[in-house]
Amino acid sequence: MTSERRFYLTTPIYYVNDKPHIGHAYTSLAVDVLARWKRMAGYQVFMLTGTDEHGQKVEKAAEARGMDPQAFTDQVSQAFRDLASRMNYSNDDFIRTTEERHKTACAALWKRLQDNGAIYLGHYEGWYAVRDEAFYGPDEITEKDGQKFAPTGAPVEWVREPSYFFRLADWQDRLLAYYDAHPDFIAPQTRRNEVISFVKNGLTDLSISRTSFKWGVKVPGDEAHVMYVWLDALTNYITALGYPDENTALWPFWPADVHFVGKDILRFHAIYWPAFLMAAGLPVPHRVFAHGWWTNEGQKISKSVGNVIDPLQLVEQYGLDAVRFFLLREVPFGNDGDFSRKSLVQRLNSELANDLGNLAQRTLSLIQKNCDGQLPAAGAPHPADAELLDAVAALPGRVGEALDRQAFHEALERIQSLSRLGNSWIDAQKPWSLKKTDLVRMASVLRHLHTALRALATVLQPFMPDTMSQMLDQLGVPVQARDLAALDTLLPDGTTLPPPSPLFQKIQDDAV
Ligand code: ME8
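Per chain, residues are indexed from 1 in the order of the written sequence. For a predicted model such as this one, the threshold for reporting local features is a pLDDT of at least 70, and the threshold for listing and counting side-chain atom pairs is 80 or more; totals across whole chains, interfaces and linings nevertheless cover every residue. As a rule here, side-chain values come from all non-hydrogen atoms in the structure, and water together with hydrogens is ignored.

1. A few points about the overall build of the chain
Heads up, the rule is: Where helices and strands are cited, they refer to DSSP runs of H or I of at least four residues and of E of at least two residues respectively, numbered from the N terminus. Every radius of gyration here is taken over C-alpha atoms, with the globule rule written as 2.2 Å times N^0.38, N being the number of residues. Only protein chains enter the accessibility calculation, which uses a 1.4 Å probe; a residue is then buried when its area is under 20% of its type maximum, exposed when over 50%, and partly exposed in between. Only heavy atoms enter the contact rule, under which two residues are in contact if any of them lie within 4.5 Å. Calculation of accessible area relied on Shrake-Rupley with a 1.4 Å probe; when residues are assessed, cover is drawn exclusively from the protein chains displayed. The charge count treats Lys and Arg as positive and Asp and Glu as negative. His and the chain ends do not count. Charged groups are reduced to one reference atom each: NZ for lysine, CZ for arginine, CG for aspartic acid, CD for glutamic acid.
For the chain, the helix and strand inventory stands at 17 helices and 17 strands. Relative to the globule expectation of 24 Å for 512 residues, the C-alpha radius of gyration of the chain, 26 Å, shows essentially globular dimensions. Projected onto its principal axes, the C-alpha coordinates of the chain cover approximately 90 × 50 × 40 Å. By the burial criterion, 58% of the 512 residues in the chain qualify as buried. Counting only contacts in the chain whose residues sit at least 6 apart along the sequence, the fraction spanning at least 24 positions is 77%. As presented, the chain carries roughly 21100 Å² of accessible surface, and 50% of it is formed by carbon and sulfur atoms. Here the chain contributes 52 positive and 63 negative side-chain charges, whose respective centroids are spaced 3 Å apart.

2. What about the pattern of salt bridges?
Our working definition: Here a salt bridge means any side-chain nitrogen of Lys or Arg lying within 4 Å of a carboxyl oxygen belonging to Asp or Glu.
One pass over the full model with this rule turns up 30 salt bridges. The salt bridge involving Asp 404 is made with Lys 38; its shortest N-O contact spans 2.9 Å. Pair noted here: Asp 404 is in helix 13 (residues 385-404) and Lys 38 is in helix 1 (residues 22-40), with a separation of 366 residues, a long-range link. Arg 101 is paired through a salt bridge with Glu 99; the nearest N and O atoms lie 2.7 Å apart.

3. Notes on helix 9 (residues 266-280)
Let me state the cut-off plainly: A helix is expected to span 1.5 Å multiplied by its residue count minus one. The term bend refers to the angle at a residue between two fitted axes, each drawn through seven residues, those ending there and those starting there.
Between its terminal C-alpha atoms helix 9 stretches 21 Å, which fits the 21 Å expected from 15 residues at 1.5 Å a residue. Of all the bends found along helix 9, the most pronounced is centred on Tyr 272 and spans about 30°, while Pro 274, a proline, follows it within four residues. Of all the 15 residues making up helix 9, 14 are buried; the element is thus mostly covered by neighbouring parts of the structure.

4. Things to note about the sheet that holds strand 3 (residues 93-96)
Keep this limit in mind: Any two strands are treated as partners once DSSP identifies two or more bridges connecting them.
The parallel open sheet is built from 6 strands, whose spatial order is 3-2-1-13-14-9. Of all strands in the sheet, those bounded by a partner on one side alone are strand 3 and strand 9 (186-187). As judged from the 8 bridges shared by strand 1 (residues 6-15) and strand 2 (residues 44-52), these two strands associate in the parallel manner. Paired with Tyr 14 across the two strands is Thr 51, which belongs to strand 2.

5. Some remarks on the site of the ligand
As a reminder, the rule being used: To be near a molecule or strand, a residue needs just one of its heavy atoms within 4 Å of it. Each polar contact in these results corresponds to two N or O atoms within 3.5 Å; when the atoms are within protein, one needs to be able to donate a hydrogen and the other to accept it, and residues that are neighboring in sequence are counted only if both atoms are side-chain atoms.
Of all residues adjacent to the ligand, which total 22 residues, the nearest are Ile 13, Tyr 15, Thr 27, Asp 52 and Asp 264. Between the ligand and Gly 262 there is a distance of 3.0 Å, counted from an oxygen atom to a backbone nitrogen or oxygen. A distance of 2.9 Å separates a nitrogen atom of the ligand from a polar backbone atom of Trp 294. For the ligand, the accessible surface in isolation is 670 Å², of which the surrounding protein chains cover 94%.

6. Topic: the sheet that holds strand 4 (residues 119-129)
Stated precisely, the cut-off is as follows: Between the N-to-C directions of two axes lies an angle of 0 to 180 degrees, each axis being a line fitted to C-alpha atoms and, for a helix, fitted only over the stretch in contact.
One open sheet accounts for 4 strands, arranged 5-4-8-10; its pairing is antiparallel. Both edges of this open sheet fall to strand 5 (134-136) and strand 10 (206-207), since each of them pairs with a single strand only. Against the sheet, helix 9 touches strand 5, strand 8 (157-166) and strand 10, its axis set at about 30° to strand 8.

7. Remarks on the pairing of strand 2
Summarising burial for strand 2: 8 of the 9 residues are buried, a large majority. Relative to strand 3, strand 2 runs parallel, the two sharing 4 bridges. Its bridge partner being in strand 3, Gly 50 is matched across the sheet by Ile 95.

8. Things to note about the packing of helix 1 against helix 13
What counts here: Should an angle lie under 35 degrees it is considered roughly parallel, over 145 roughly antiparallel, and from 65 to 115 roughly perpendicular; all remaining angles are considered oblique. Put simply, a crossing is left-handed when the front helix is turned counterclockwise from the back one by less than a right angle, and right-handed when it is turned clockwise. When residues are sorted by character, Ala, Val, Leu, Ile, Met, Phe, Trp, Tyr, Cys and Pro go into the nonpolar class, Asp, Glu, Lys and Arg into the charged class, and all the rest, Gly among them, into the polar class.
Running from amino to carboxyl end, helix 1 crosses helix 13 at an angle of 135°, the nearest separation of the two axes being 11 Å. When the axis of helix 1 is compared with that of helix 13, the two are oblique. Crossing angle aside, the handedness with which helix 1 passes helix 13 is left-handed. Here Leu 34, Trp 37 and Lys 38 of helix 1 come into contact with helix 13, specifically with Pro 396, Val 399, Gly 400, Leu 403 and Asp 404. For the contact of helix 1 with helix 13, the residue count by class is 5 nonpolar, 1 polar and 2 charged.

9. Side note on unusual backbone geometry
Residue Pro 244 follows Tyr 243 across a cis peptide bond; omega there is 10°. Here Pro 244 is to be found in the loop between helix 8 (236-239) and strand 13 (258-262). Residue Pro 255 is bonded to the preceding Trp 254 through a cis peptide linkage, with omega at 5°. Looking at the secondary structure, you find Pro 255 in the loop between helix 8 and strand 13. In this structure, Asp 372 is a non-glycine residue whose phi angle is positive, near 55°. One can find Asp 372 in the loop between helix 12 (341-370) and helix 13. By relative accessible area, which is 66% here, Asp 372 ends up exposed. Within the chain, Gln 406 stands out as a residue other than glycine whose phi angle is a positive 60°. Its place among the elements puts Gln 406 in the loop between helix 13 and helix 14 (408-429). Overall, Gln 406 belongs to the buried group, its relative accessible area being 2%.

10. Concerning the packing of aromatic side chains
What counts here: By convention, a stacked pair of Phe, Tyr or Trp rings (six-membered ring in the case of Trp) has centres within 6.5 Å and planes under 30 degrees apart, an edge-to-face pair has planes over 60 apart, and any other such pair is tilted. Think of it as a cone above the ring: NZ of Lys or CZ of Arg counts as a charge over the ring if it is within 6 Å of the ring centre and within 35 degrees of the ring normal.
Going through the model one piece at a time under the given rule, you end up with 29 aromatic pairs. Consider the rings of Tyr 14 and Phe 80, whose centres lie 5.5 Å apart with planes at 15°: the pair is stacked. Of this pair, Tyr 14 sits in strand 1 while Phe 80 sits in helix 3 (residues 69-86), and the two are 66 residues apart along the sequence. For Tyr 14, a relative accessible area of 8% corresponds to the buried category. Here the aromatic residues Tyr 8, Phe 46, Tyr 237, Tyr 243, Trp 251, Phe 253, Trp 254 and Trp 273 are joined through ring pairs into a cluster of three or more. When the ring centre of Tyr 43 is taken as origin, the NZ or CZ atom of Lys 38, which lies over that ring, is 4.4 Å away.

Shown next, in the form of structure tokens:
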């Protein structure tokens, strides 16, 4: 395979200070859908997720539970691993920053930065927010009731300690030149503009080690220091490919095609990370996509408000694929979105049960009843066919185009519009009436509808893998003919189709 056919995509690695919630499930879901799509399009894909286990925030969380940090991180990291399997994510690796391979990679990157003159020893004095694991300048701080806060709302504390610094200020112009030469590096556009204006305002050197606590990767040659947790965390993306060994089978996946992140951590990925990489002489990722923030029924999701949404509870109640579909369908990827059970139920009932489910059930029952469950042959072309068949032929390209921009909602809208077209087409062609007047045309109409359903089920696989696999079973599509290229080959006439059963149930939810 050529290098163009490789695709590497990552989720953030999540802090293990608390159990996973809907926001974590959401980012990983988006990554999973794109990973599955690219595999289906013939790419060699590597999808990475994992947990970020060092730093003061995790150390404090362990302390608060009276646990040793390693035992604590073992426990919470497992909850993220379980989430990945329950949500049916297709990650190829799950990385933990407490693993030896990662410590090796961090030490190697540090040495390379040091050898390249990008690091110096100094003294840090300034504001630090443990919740964000981030340093803030004096102009960013506000005060309320005697407590100082970062712009994110996180409380800050004054830190004064010896520290190694990364010469970030040196990279200001080169970063701006990089953004300019690579307009797709930061998405969406509004966030790109924010990053550029932040960098234009001036960068200061970045403190990259701490001495006031121990829970981190030790700085090589100066063990009184642990590495700043963000330098440690970002390195995970290359650790997983074998860094510092650049001869591994996975290393050709670098640079990453897309790092998916929430908008809260874009600065780290779009400023610090490319600067570290350039300073180390390593290639910079192709793209960082920062999606928006979920609120719950209009409220910020927070433990203190008590409105944290447990993704596994939702799955329990509504089914895995319904939840996967809803999360990416409801909100334009990149925008903030509000989670509401009412809109979840509405979407599932109207788009899955009514539109797609009905189209499948109507078509497959008619084939079962009127064609002895054998896939009918398409008859002579009819002027009405083009409307449906042209839309079917265009579907994979249109979905792929949207997914290449990480516009998941648009991909689903394009799919949805074919389901709607299928329903209006079946109503207009009335195969149930043709049964009495023109059996050849009836067979042809049902065959075209089958072709449309096959395309719909194929392109929906990344979003709803289990349900679409059942749908493809019902459509008689062999397992080896379910990728995008297979759509170019028609199924043989007469293929036996099993008796259909409804794929989506309407939800009655009295609570909404
Ligand atoms: O920041 N809506 O980890 P983290 C949408 N360890 N997405 C949300 C969300 C919400 N309400 N809440 C969380 C870290 N997320 C670092 C990352 S990467 C090298 C290190 C998602 O556990 C979103 O992707 O705080 C956000 O960026 C991420 O969880 C933050 O996870």
